[in-house]
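Examination of the molecular architecture
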Amino acid sequence: MIKVILCDDHALIRRGIRDTLCDASDIDVVGEAGDYGELRSLLRNTSCDVLVLDINLPGRSGLDVLHALKDEGSSLRVLVVSMYPEDQYAIRALRAGAFGYVNKGGDPATIVSAVRTVAQGRKYVTPDMAQMLVESLTTPATGNAHEKLSDRELQTLVMISSGKRLADIAVELNLSPKTVSVYRARVLEKLGLSNNSEMTVYAIRNGLVGE
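Calculation rules
- Residues numbered from 1 in each chain as written.
- Predicted model: local features only at pLDDT ≥ 70, side-chain atom pairs only at ≥ 80, totals over all residues.
- Heavy atoms only, no water.
- Buried < 20%, exposed > 50% of the residue type's maximum accessible area, 1.4 Å probe, protein only.
- Helix = DSSP H or I, 4+ residues; strand = E, 2+ residues; numbered from the N terminus.
- Pairing = 2+ DSSP bridges.
- Right-handed = clockwise from strand over helix to strand, strands pointing away.
- Contact = heavy atoms within 4.5 Å.
- Salt bridge = Lys/Arg side-chain N within 4 Å of Asp/Glu carboxyl O.

Observations concerning the pairing of strand 3 (residues 50–53)
- A two-sided burial pattern is seen for strand 3, the buried positions comprising Val 50 and Val 52 on one face and Leu 51 and Leu 53 on the other.
- Of the strand pairs in this sheet, strand 1 (residues 2–7) and strand 3 are connected by four bridges, and their pairing is parallel. If you follow Cys 7 over to strand 3, its bridge partner there is Leu 53.
- The sheet contact formed by strand 3 and strand 4 (residues 77–82) spans four bridges and is parallel. Residue Leu 53 lies in a different strand from strand 4, and its bridge partner there is Val 80.
- The parallel pair strand 3 and strand 4, bridged by helix 3 (residues 62–71), forms a crossover whose chirality is right-handed.

As for the side chain of Arg 14
- Relative to the assigned elements, Arg 14 resides in helix 1 (residues 11–22).
- Residues within four places of Arg 14 in sequence aside, it is in contact with Leu 6, Asp 8, Asp 9, Glu 32, Ala 33 and Gly 34.

As for the pattern of salt bridges
- Applying the stated criterion across every chain yields a total of 13 salt bridges.
- The partner of Asp 54 in a salt bridge is Lys 104, and the shortest N-O contact between them spans 3.5 Å. Residue Asp 54 is located in the loop between strand 3 and helix 3, and its partner Lys 104 is located in the loop between strand 5 (100–103) and helix 5 (108–119); the two are separated by 50 residues in the primary sequence.
- With a relative accessible area of 4%, Asp 54 lands in the buried category.
- Judged by relative accessible area, which is 24%, Lys 104 ranks as partly exposed.

Considering the pairing of strand 1
- With five of six residues buried, strand 1 is to be regarded as a mostly interior element.
- Sheet topology note: the strand 1/strand 2 (residues 27–33) ladder contains six bridges and is parallel. Paired with Lys 3 across the two strands is Asp 28, which belongs to strand 2.

Considerations on the environment of Tyr 183
- Residue position: Tyr 183 is located in helix 9 (residues 177–191).
- On the basis of relative accessible area, Tyr 183 is assigned to the buried category, the value being 17%.
- Spatially, the C-alpha atoms of Tyr 183 and Arg 152 are 7.4 Å apart, while their sequence positions differ by 31 residues.
- Filtering out sequence-adjacent residues up to four positions away, Tyr 183 remains in contact with Arg 152, Glu 153, Thr 156 and Leu 175.

Shown next as structure tokens:
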């Protein structure tokens with residue numbers, strides 16, 4: 001039996017994923033968490049084979065969690081399940097230590113297949129992700145300017161470009177408005193932009209958000 005812990009801040013999303021996984025006879029969801037703090041407490045008392053982790057958590061993001069687990073030398077196998085398209089976060093998640101990346105909007109059966117693959121200690125990548133990985137290895141190292149952003153800076157860029165206000169972003173990420181403003185300023189500086197409108201145009205042109 002594959003023991004799974006879910007970490008997502010939306011209870012309805014967790015329920016949907018749990019129901020999907022529990023329909024599989026070889027998977028058992030042994031715990032759920034809504035943020036990093038709950039997850040840490042849960043991991044101290046509950047053993048599992050696979051952690052199904054969302055990127056967009058309040059406070060410390062899923063990428064922060066991956067970095068923390070990696071720094072601790074944890075052998076926990078993590079499958080990232082996110083609403084963000086693969087071209088935004090998949091490679092970052094894999095580099096941070098994830099064993100796989102699945103989009104929440106995909107076929108539910110994909111999550112079951114991904115959990116089984118990750119539980120075996122193998123990486124799970126979709127055909128699109130595999131193509132991105134190949135391209136990242138074969139293209140020049142210059143890349144796009146946004147690839148130089150930190151994980152939180154990229155998250156701020158995507159959220160602002162999606163029309164969210166700084167106050168809303170602060171609440172969603174469990175950060176102070178001042179901290180979000182600092183991330184925004186860093187994004188503008190690193191990308192050579194002047195305002196939110198230019199940021200949105202950049203994000204659309206680079207496929208980070210839809211038009």
